Amino acid sequence: MNVNKPVFSYIEFYEWTVQLVKNKQTSGEKQTENLIKFTELNLSRMKRLNKTTKLIPELENFVTTLQKPQVWYVITEAWCGDSAQNLPIIGEIAAAGNKIDLRVILRDENPELIEKYHTNGSKSIPKLIAFTEDGVELFTWGPRPKQAQDMVMDWKENPAGRDFEAFEKELHTWYTKDKTQSTQKEFLEILTNLKY
């Protein structure tokens, strides 16, 4: 698959985000105060998840016994809150075995790619696309676990007086309570059902 640089490992993306925050910047061309603030908040989310994330045993066992290599591309940006909640666990899954090659790429650097992987007509991120070594697409995932995605769709259909900020708090409270369990269970289901 043709991708534009930069291409990061999860650790490299995390370290890059640390530098962005130090420099009071974010990824992409839009350097707004809000996006810079989101990036700072996301760094603290990733820091917390890096320390607390533990793979559920079934997922860890499955990933450590994978026989065939996979290449995972995650399309994201540093300001994306859903990415900060999901990328650390994706990084942990990839690191657990030696068959998943995780590559983190930027949405705004890869406009043609994100056009191919819309979610309900939008360029929602993070978006993971998994391939075999030979470039055969295996599956896609994202931008968030199903329960969180349902919350987003419900809010869009019926905001019930909640603005984006109020809804974001609800969503991130859900993520905190869920402790990556939904994301992990979805990946376990996807991986165990793969036939290739």
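Refer to the structure presented above.
The structure displayed is predicted, hence computed values, not measured ones.

J.: Where do I start with the packing of helix 6 (residues 146–157) against helix 7 (residues 164–178) in this structure?
T.: For any two helices packed against each other, one specifies the crossing angle of their axes together with the interaxial distance. Where helix 6 meets helix 7, the axes come as close as 11 Å, and the angle between the chain directions of the two elements is 165°. Overall, the two elements helix 6 and helix 7 adopt an arrangement that is roughly antiparallel. Relative to helix 7, helix 6 is oriented so that their crossing is right-handed. Between helix 6 and helix 7, the residues in contact are Q147, A148, M151, V152 and W155 and F164, F167, E170, L171, W174 and Y175, respectively. The class makeup of the residues in the contact of helix 6 with helix 7 is nine nonpolar, one polar and one charged.

J.: Quick question: what am I supposed to make of the sheet that holds strand 4 (residues 127–132) here?
T.: Hydrogen bonds between backbone groups are what pair the strands of a sheet, and the pairing can be parallel or antiparallel. Reading across from one edge, 1-3-2-4-5 is the order of the five strands in this open sheet, with mixed pairing throughout. Of all strands in the sheet, those with a lone pairing partner are strand 1 (7–8) and strand 5 (137–141), marking the two edges. One ladder, built from six bridges, connects strand 2 (residues 70–76) with strand 4; its direction is antiparallel. Directly across from Y73, in strand 4, lies its bridge partner I129.

J.: Honestly, the packing of aromatic side chains in this entry has me stumped. Any pointers?
T.: Aromatic ring pairs: the centre-centre distance and the angle between the two ring planes describe each pair. Overall, the coordinates contain 11 aromatic pairs when judged by the stated rule. Taken together, a centroid distance of 6.1 Å and an interplanar angle of 80° make the contact between Y73 and F131 edge-to-face. Taken together, the positions of Y73 in strand 2 and F131 in strand 4 put the pair 58 residues apart, joining distant regions of the chain. The pair formed by Y73 and F131 is uniform in burial state, with each residue classed as buried. Taken together through their ring pairs, the aromatic side chains of W72, F139, W141 and F187 make up a single cluster.

What counts and how
Along every chain, residues carry numbers that run from 1 in the direction the sequence is written. Only residues with pLDDT of 70 or above have their local features reported here, since the model is predicted, and side-chain atom pairs are shown and tallied only from 80 upward, although totals for entire chains, interfaces and linings are computed over all residues. Hydrogens and waters are ignored; side-chain quantities use all the structure's heavy atoms. Interaxial angles span 0 to 180 degrees and are taken between N-to-C directions of axes, which are lines fitted to C-alpha atoms, for helices over the stretch in contact. Helical segments are the DSSP runs of H or I of at least four residues, strand segments are the runs of E of at least two, and each set is numbered from the N terminus. By definition in this entry, angles of less than 35 degrees are roughly parallel, angles greater than 145 are roughly antiparallel, angles of 65 to 115 are roughly perpendicular, and the rest are oblique. Left-handed is the label given to a crossing in which the near helix is rotated counterclockwise from the far helix by less than a right angle, and right-handed is the label when the rotation is clockwise. When checking whether two residues touch, look at their non-hydrogen atoms; a contact exists if any pair is within 4.5 Å. Classes in brief: Ala, Val, Leu, Ile, Met, Phe, Trp, Tyr, Cys and Pro nonpolar; Asp, Glu, Lys and Arg charged; the others, Gly included, polar. Only when DSSP finds a minimum of two bridges between them are two strands counted as paired. Classification of ring pairs rests on two measures: the distance between centres of Phe, Tyr or Trp rings, Trp counted by its six-membered ring, which must be within 6.5 Å, and the angle between planes, read as stacked under 30 degrees, edge-to-face over 60 and tilted in between. Only protein chains enter the area calculation, which uses a 1.4 Å probe; residues under 20% of their type maximum are buried, those over 50% are exposed, and those in between are partly exposed.

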